[in-house]
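What follows is the residue order along each chain.
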Amino acid sequence: MLIKLKPKKVLLIGGGAVAKQKADVLTKQNIPFDIVTLKNNTPYPAIIKEFEISDTNGYDVVIDATGCDKVTNTLLKNKNFLLNVVDKPEVCDFYFGSIAKKGDISVLVSSNGKSPRLTQVIRDRIEKILPTNFEIDRKKDYDTIKKETSKVFIIGCGPGAIDLLTIRAYNTLKSLDVALYDHLVNPEILDILPKNCEKIYVGKQKGYHHKKQDEINELLVQKAKEGKIVGRLKGGHPFVFGRGFEEMSELTNEAIEVEIIEGLTSAISAPTEALIPVTLRNSKDSFMVVSAHLKGSRVNLNWIDLLHRENLRIIVLMGLSRRKDIKNKALEIGINPDKEVYIVSNFDNKQMIKTTLNELDKVKAKKPAVIVF
């Protein structure tokens with residue numbers, strides 16, 4: 001049962017942290033209230049006195065946030081109002097729920113007083129999927145509203161290890177109806193998805209694309225227009241050589257709401273796992289991340305001349321199959337053949353190979369890999 005508090009007179013008893021929490025909730029919902037307490041540690045005005053049952057006269061709702069059994073027992077014996085006693089659901093006439101609110105849409109989550117923290121977690125997850133811009137119209141039918149409230153999350157799933165997934169990504173994964181995932185996404189991450197989530201593999205590898213980018217874009221739009229909560233799961237960070245912006249643009253052009261969920265890029269995590277600092281005081285005062293692979297299987301060597309700069313750390317993604325090209329171009333422009341190079345691969349098992357520019361194309365390493373100069 002829901003109780004509308006706004007037209008009712010509300011008394012809050014207590015002046016500690018718990019009372020402040022309840023006062024914050026009432027204030028957020030624009031519900032007027034009075035506080036009675038012997039000592040006020042809240043920022044709200046209060047009547048400073050020892051509580052007496054006569055203080056409840058004229059109030060429709062009383063909230064006991066004192067934690068004092070004597071006060072609670074007095075209230076229970078002389079009750080002619082609706083009562084909420086914090087952390088004692090068995091004596092409450094009503095409970096505080098957690099409200100997810102965006103615009104005119106409000107969703108109340110209640111555990112009947114048993115676990116306020118649980119309702120807060122669920123509320124936060126609901127808020128994440130509520131549309132930010134939605135016009136309420138009584139005439140719209142269910143299917144129309146479902147389509148208009150769909151959303152796509154472009155999710156960075158990090159460099160592979162499940163414990164490098166961000167909390168935001170973890171929580172978002174649990175809310176999806178459909179997941180389109182790449183070949184670099186750890187299968188353990190897919191286990192986080194709801195059991196009824198539709199999983200669609202759209203991975204790309206050199207020389208073989210299970211789905212072309214245009215097909216992926218079309219799938220994202222199609223699933224969103226079906227009224228689904230859609231996740232586009234990518235290895236690393238979606239905006240670091242991840243085509244995340246391309247997909248976001250396609251969706252926004254179709255007026256579909258999109259949210260980017262950041263992930264840890266292997267450009268930072270792989271060197272760190274191998275104990276290679278990306279920057280180092282008095283030695284490497286800046287760093288650069290490049291891709292050796294361009295659209296249409298073209299090689300990118302425009303950055304090679306920067307290897308002359310000893311203060312610059314250069315991190316090369318998608319460069320393992322281009323090692324010979326990198327080596328030849330670097331030697332051609334006079335880079336020291338003995339220049340140290342690291343290859344970090346097989347991220348889960350932390351394989352690190354130390355070599356030189358001259359030997360770069362001769363060492364054996366597994367994909368995916370990051371080359372560090």
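Anything mentioned here points back to the structure above.
Quick caveat: nothing in here was measured; it's all calculated off a predicted structure. (Residues numbered from 1 in each chain as written. Predicted model: local features only at pLDDT ≥ 70, side-chain atom pairs only at ≥ 80, totals over all residues. Heavy atoms only, no water.)

**What to know about the sheet that holds strand E20 (residues 351-356)**
- The 5 strands are arranged E15-E18-E21-E19-E20 in an open sheet whose pairing can be described as mixed. Both edges of this open sheet fall to strand E15 (286-291) and E20, since each of them pairs with a single strand only. Averaged over all adjacent pairs, the angle separating strand axes in this sheet is 20°, with direction ignored.
- Here 6 bridges tie E15 to strand E18 (residues 312-317), and the two strands are oriented parallel to one another. Bridging across to E18, Val289 finds its partner in Ile315.
- Sheet strands in contact with helix H9 (residues 266-273) are E15, E18, strand E19 (340-345) and strand E21 (369-372), and its direction is about 110° off that of E18. (Pairing = 2+ DSSP bridges. Helix = DSSP H or I, 4+ residues; strand = E, 2+ residues; numbered from the N terminus. Axes fitted to C-alpha atoms, helices over the stretch in contact; angles between N-to-C directions. Contact = heavy atoms within 4.5 Å.)

**Notes on unusual backbone geometry**
- The omega torsion of the bond from Lys367 to Pro368 falls at -5°, within 30 degrees of zero and hence cis.
- Unusually for a residue other than glycine, Ala255 sits at a positive phi of about 60°.
- A positive phi angle, near 70°, is found at Asn282, a position not held by glycine.
- Note on placement: Asn282 falls in the loop between H9 and E15.
- For Asn282, a relative accessible area of 81% translates into the label exposed. (Buried < 20%, exposed > 50% of the residue type's maximum accessible area, 1.4 Å probe, protein only.)

**Notes on a negative patch on the surface**
- On the surface, Asp214, Glu215, Glu218 and Glu250 cluster together into a negatively charged patch.
- Among the elements that make up the negative patch, the one with the highest residue count is helix H7 (residues 213-225) (3 residues).
- With respect to the helices, strands and loops of the structure, Glu218 is situated in helix H7.
- Since its relative accessible area comes to 55%, Glu218 is described here as exposed. (Patch = residues over 30% accessible without salt bridge, like charges linked within 9 Å, V, L, I, M, F, W, Y side chains within 5 Å. Areas by Shrake-Rupley, 256 points an atom, 1.4 Å probe, with all protein chains shown as cover. Salt bridge = Lys/Arg side-chain N within 4 Å of Asp/Glu carboxyl O. Lys, Arg positive; Asp, Glu negative; His and termini not counted. Charge placed at Lys NZ, Arg CZ, Asp CG, Glu CD.)

**Details of H9**
- Among the residues making up H9, those that are buried are Ser266, Ala267, Ser269, Ala270 and Pro271.
- Looking at the buried residues of H9, the elements they touch are E15, E18, E19 and E21.
- Following H9 by one or two positions, Leu275 adopts a phi angle in the positive range, close to 60°.

**Quick look at helix H8 (residues 244-253)**
- Gly244, Glu247 and Leu251 are the residues of H8 that are buried. Burial along H8 is one-sided: seen end-on, the buried residues are contained in an arc of 70°. Summarising the geometry of H8, the exposed residues directed more than 90 degrees from the buried face are Phe245 and Asn253.
- Where H8 is buried, its residues meet strand E8 (151-156), H7, strand E13 (229-234) and strand E14 (257-261).
- Just past H8, the residue Ala255 takes up positive phi, approximately 60°. (Arc of directions from axis to C-beta.)

**Side note on the packing of aromatic side chains**
- Counted according to the given criterion, the structure contains 4 aromatic pairs.
- Ring centres of Trp303 and Phe373 lie 6.1 Å apart, and the angle between their planes is 55°; this geometry places the pair in the tilted category. Of this pair, Trp303 sits in the loop between strand E17 (298-299) and E18 while Phe373 is found in the segment after E21, placing the two residues 70 residues apart along the sequence.
- For the cation-ring pair, Lys9 lies above Tyr59, with the distance from its terminal atom to the ring centre recorded as 4.8 Å. (Phe/Tyr/Trp six-rings, centres within 6.5 Å; stacked < 30°, edge-to-face > 60°. Lys NZ or Arg CZ within 6 Å of the ring centre and 35° of its normal.)

**Structural notes on the pattern of salt bridges**
- Inspection of the entire model under this criterion finds 21 salt bridges.
- The salt bridge partner of Arg123 is Asp124, with a shortest N-O separation of 3.1 Å.
- Judged by relative accessible area, which is 41%, Asp124 ranks as partly exposed.
- Linked through salt bridges whose partners overlap, the residues forming this network are Asp182, Arg232, Lys234 and Glu247.

**Observations concerning the nonpolar core**
- If you look at the biggest cluster of nonpolar residues, it comprises 21 residues, and the most contacted ones within it are Trp303, Val316 and Phe373.
- With 3 residues, E18 is the single largest residue contributor to this core.
- With residues up to four places along the chain from it excluded, the contact list for Phe373 reads Trp303, Leu307, Leu312, Arg313, Ile314, Val316, Ile326, Lys339, Glu340, Val341, Leu357 and Leu360.
- If you look at the next biggest cluster of nonpolar residues, it comprises 18 residues, including Phe153, Cys157, Leu165 and Ala169. (Core = buried A, V, L, I, M, F, W, Y, C linked by side-chain atoms within 4.5 Å.)

**So, the packing of H7 against H8**
- Direction vectors running N to C along H7 and H8 enclose 45°, while the axes themselves pass 10 Å from each other. The orientation of H7 relative to H8 falls into the category oblique. In terms of crossing hand, the pair formed by H7 and H8 is right-handed. On the side of H7, the interface is formed by Gln213, Ile216, Asn217, Leu220 and Val221, while H8 contributes Glu246, Glu247, Glu250 and Leu251.
- When the residues that make up the contact of H7 with H8 are grouped by side-chain class, the tally is 4 nonpolar, 2 polar and 3 charged. (Parallel < 35°, antiparallel > 145°, perpendicular 65-115°, else oblique. Left-handed = near helix turned anticlockwise from the far one by under 90°. Nonpolar A, V, L, I, M, F, W, Y, C, P; charged D, E, K, R; others polar.)

**Some words on the state of the cysteines**
- For the structure shown, the criterion picks out 0 disulfides.
- The thiol of Cys92 is unpaired, and the distance to the nearest cysteine sulfur, on Cys68, comes to 16 Å.
- Among the residues examined, Cys92 registers a relative accessible area of 14% and is labelled buried. (Disulfide = S-S within 2.5 Å.)

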